[in-house]
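Listed below are the residues making up each chain.
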Amino acid sequence: MKKGNIDYKSIIKFIKTPRGKAFLFFGFYLVFFFVLGVMFRTSAVNDSYDNEEIKKSNFPFLLGQIENNNYHFKYSYDFDGKVNAYEGDKFSKKELFSFKGLNYYRNDDIFLINNSNVWVKCDNPYYAYQFIDISSIKKMIKKATYISKTDYESGMKVYSYQVSTATLVKLVDNIDIDLDDKPNEIILKTDKDNNVNDIKFDLTSYFKYKKVSNIKAEIELLYTNFGEVKELNDPE
């Protein structure tokens with residue numbers, strides 16, 4: 001064997017011997033368990049981050065993907081059978097979305113509407129914005145009463161909460177009232193990793209009190225394509 005070269009014939013010959021076979025067998029399992037250990041450690045680190053978020057938020061589910069502000073969204077409103085929806089993309093503080101056939105652009109607190117291919121400033125087009133804003137939603141959930149959790153074979157979990165109209169009026173309108181009515185509901189669905197991707201409100205009691213609806217008032221927030229939205233540029 002020349003210096004600096006590998007004698008593959010000798011290696012193959014050694015592997016065919018009983019000692020070589022044993023060496024190969026134990027070597028394979030050594031590498032296998034090493035790789036497995038690395039995978040478990042990586043998983044444990046990710047789980048620790050998830051558990052830390054759950055511990056910090058006091059919620060049994062994860063809202064981090066929504067709070068990262070990178071996703072496609074569809075916010076549907078059903079008031080007494082009249083359905084409307086906002087749909088678009090969110091990247092950081094920017095949004096590009098449509099509503100009732102019109103296109104809107106948002107950069108933080110500034111909203112623009114596309115009027116005959118000309119972008120002009122407009123008021124916030126979101127109705128009942130507190131039920132879209134994730135920081136406001138978190139406050140509502142913290143004041144709500146936990147009812148149940150349902151686990152599905154797919155890994156999806158569904159968490160159910162109830163919150164009184166008086167509590168919502170205090171949080172949203174900053175008014176104290178004394179009202180004994182049917183509670184409102186907040187339903188949160190998660191993926192198999194316990195990340196929330198669907199929030200549904202049954203706000204019938206609240207919007208009856210507000211004299212906005214008579215029969216039912218529901219808002220559903222659907223989130224998809226987490227982390228896949230490209231940066232949105234300001235309209236020219």
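Just above sits the structure.
The following paragraphs examine the structure supplied in this document. Nothing here was measured: the structure is a model prediction, and the numbers come from that model. (Residues numbered from 1 in each chain as written. Predicted model: local features only at pLDDT ≥ 70, side-chain atom pairs only at ≥ 80, totals over all residues. Heavy atoms only, no water.)

The next point concerns the pairing of strand β5 (residues 110-115). Walk down a regular strand and you will see the side chains alternate between the two sheet faces. Pairing geometry for strand β4 (residues 102-107) and β5, over four bridges, is antiparallel. The residue of β5 that forms the bridge with Asn107 is Ile110. Following β4, the chain reverses through two residues before pairing antiparallel with β5; Asp108 in that reversal takes a positive phi of roughly 60 degrees. One ladder, built from five bridges, connects β5 with strand β6 (residues 118-122); its direction is antiparallel. Opposite Asn114, over in β6, you have Trp119 as the bridge partner. Hairpin remark: β5 followed by β6, antiparallel, with two residues in the connecting loop; positive phi at Ser116, about 55 degrees. (Pairing = 2+ DSSP bridges. Helix = DSSP H or I, 4+ residues; strand = E, 2+ residues; numbered from the N terminus.)

Let's shift gears to the nonpolar core. Considering soluble globular proteins, one finds that nonpolar side chains tend to be buried as a cluster. With 43 residues, the main nonpolar core has Tyr75, Phe131, Ile199 and Phe201 as its most contacted residues. No other element matches strand β1 (residues 70-79), which puts five residues into this core. (Core = buried A, V, L, I, M, F, W, Y, C linked by side-chain atoms within 4.5 Å. Buried < 20%, exposed > 50% of the residue type's maximum accessible area, 1.4 Å probe, protein only.)

This paragraph deals with the packing of helix α4 (residues 134-143) against helix α5 (residues 165-173). Between α4 and α5, the least distance of the axes is 11 Å, while the angle of their chain directions is 150 degrees. Taken together, the axes of α4 and α5 lie roughly antiparallel to each other. For the element pair α4 and α5, the recorded crossing hand is right-handed. Here Lys139, Met140 and Lys143 of α4 come into contact with α5, specifically with Thr167, Leu168, Leu171 and Val172. (Axes fitted to C-alpha atoms, helices over the stretch in contact; angles between N-to-C directions. Parallel < 35°, antiparallel > 145°, perpendicular 65-115°, else oblique. Left-handed = near helix turned anticlockwise from the far one by under 90°. Contact = heavy atoms within 4.5 Å.)

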